[in-house]
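Understanding the architecture of this molecule
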Amino acid sequence: MIADLRHVDTWLFDLDNTLYPAESGFMGEIERRMTAYVQKVTGLGRDDAYRLQKQYLADYGLTLGGLVEHHGVDPADFHTIFHDMSLEALAHDPELVAAIERLPGRRLIFTNADAVHAERVLGRLGLTHLFDDIFDIGSADYVPKPARATFEKINAAHGIDPAAAAFFEDSERNLAPAAELGMTTILVGPHAEASTAPFVRYKTAKLAPFLAQARLKEAA
């Protein structure tokens, strides 16, 4: 289906597993580092630390939420574990660069990661110059998506009219509050087509061709 996005003038993009394919394996290294951090903080073995990590993710929307609440972790300390990650798994995609470049209006990153990680990934992908700003977990006062308050915060910070905004995400549940607020929602990734969630407007396995084919507002 060719998406009709002629009403959109603000483009919100999640970062990890959205602007690069999940098949890259990059997120796997992020998860391994989180598990190791949970081990260090709690003294648990790897398997138990992994289970706790996933439990905190489910309960708080972010592993960090549980670590702060139950273990007094400093968010800044937690995020440093990602700042020296190799970016070798991420590839520059000229098709994606061209597809995002044609989008009219503002383009914003909306991520539960921190700004340093987002800037490193965007730089590696060759997308830095195409985005107006990064709304990271710090911008959200460490309240992650899918909290409705965080969506309201980005809307207020950037004067976003939800009816004229599109949000691209690989996490289905993060699209629910966006839809409630009136945004056009697009689920991205290898499992997107299987989604039956009523709040998902469009689904695509690959971001670049979806954007390249979409109907957009004509330049004034």
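This text follows the structure it describes.
Residues numbered from 1 in each chain as written. Predicted model: local features only at pLDDT ≥ 70, side-chain atom pairs only at ≥ 80, totals over all residues. Heavy atoms only, no water.

Here we look at the nonpolar core
In this structure, Phe13, Leu19, Leu127, Phe168 and Leu211 are the most contacted members of the largest nonpolar core, which totals 51 residues. Of the residues forming this core, the biggest block, five residues, is contributed by helix α1 (residues 26-42). In this structure, leucine 211 is in contact with Phe13, Leu96, Ala99, Ile100, Arg102, Leu103 and Phe168, ignoring residues within four places of it in sequence. Among the nonpolar cores identified, the runner-up in size contains 17 residues, and Phe110, Ala165, Met183 and Val200 belong to it. (Core = buried A, V, L, I, M, F, W, Y, C linked by side-chain atoms within 4.5 Å. Buried < 20%, exposed > 50% of the residue type's maximum accessible area, 1.4 Å probe, protein only. Helix = DSSP H or I, 4+ residues; strand = E, 2+ residues; numbered from the N terminus. Contact = heavy atoms within 4.5 Å.)

Structural notes on helix α2 (residues 46-60)
For α2, with 15 residues, the first-to-last C-alpha span of 21 Å sits near the 21 Å given by 1.5 Å per residue. Of all the positions in α2, only Ala49, Gln53 and Tyr56 are classed as buried. Looking straight down α2, one finds its buried side chains confined to an arc of 65°; they lie on one side. Exposed positions of α2 whose direction lies more than 90 degrees from the buried face are Asp47, Arg51 and Asp59. Taken together, the buried residues of α2 touch α1 and α3 (63-71). With its phi angle positive at about 80°, glycine 61 sits one or two positions after the end of α2. (Expected span 1.5 Å × (residues − 1). Arc of directions from axis to C-beta.)

Comments concerning the pairing of strand β5 (residues 165-169)
In terms of residue burial, β5 counts as a mostly covered element, since five of its five residues are buried. Neither face of β5 is exposed, since Ala165, Phe167 and Glu169 on one face and Ala166 and Phe168 on the opposite face are all buried. When strand β2 (residues 10-13) meets β5, the two strands line up parallel, connected through four bridges. Among the inter-strand pairings, leucine 12 is bridged to a residue of β5, identified as phenylalanine 167. One ladder, built from four bridges, connects β5 with strand β6 (residues 184-188); its direction is parallel. Within β6, the position partnered with phenylalanine 167 by the bridge is threonine 185. Between β5 and its parallel partner β6, the chain crosses via helix α8 (residues 176-181), and the hand of that crossover is right-handed. (Pairing = 2+ DSSP bridges. Right-handed = clockwise from strand over helix to strand, strands pointing away.)

Some remarks on the side chain of aspartate 14
Tracing the chain through its elements places aspartate 14 in the loop between β2 and α1. Here the side chain of aspartate 14 touches threonine 18 through a polar contact of 2.9 Å, side chain to side chain. Beyond its immediate chain neighbours, meaning those up to four positions away, aspartate 14 contacts Leu19, Phe110, Thr111, Lys145, Phe167, Phe168, Glu169 and Asp170. (Polar contact = N/O pair within 3.5 Å; in protein donor to acceptor, adjacent residues only side chain to side chain.)

Digging into the packing of α2 against α3
In contact at an axis separation of 7 Å, α2 and α3 are set at 100° when each is read in the N-to-C sense. Considered as vectors, α2 and α3 are oriented roughly perpendicular to each other. Taking contact as the criterion, the partners of Leu52, Gln53, Tyr56, Leu57 and Tyr60 in α2 are, on α3, Thr63, Gly65, Gly66, Leu67, Glu69, His70 and His71. (Axes fitted to C-alpha atoms, helices over the stretch in contact; angles between N-to-C directions. Parallel < 35°, antiparallel > 145°, perpendicular 65-115°, else oblique.)

Honestly, it's all geometry; don't read function into it.
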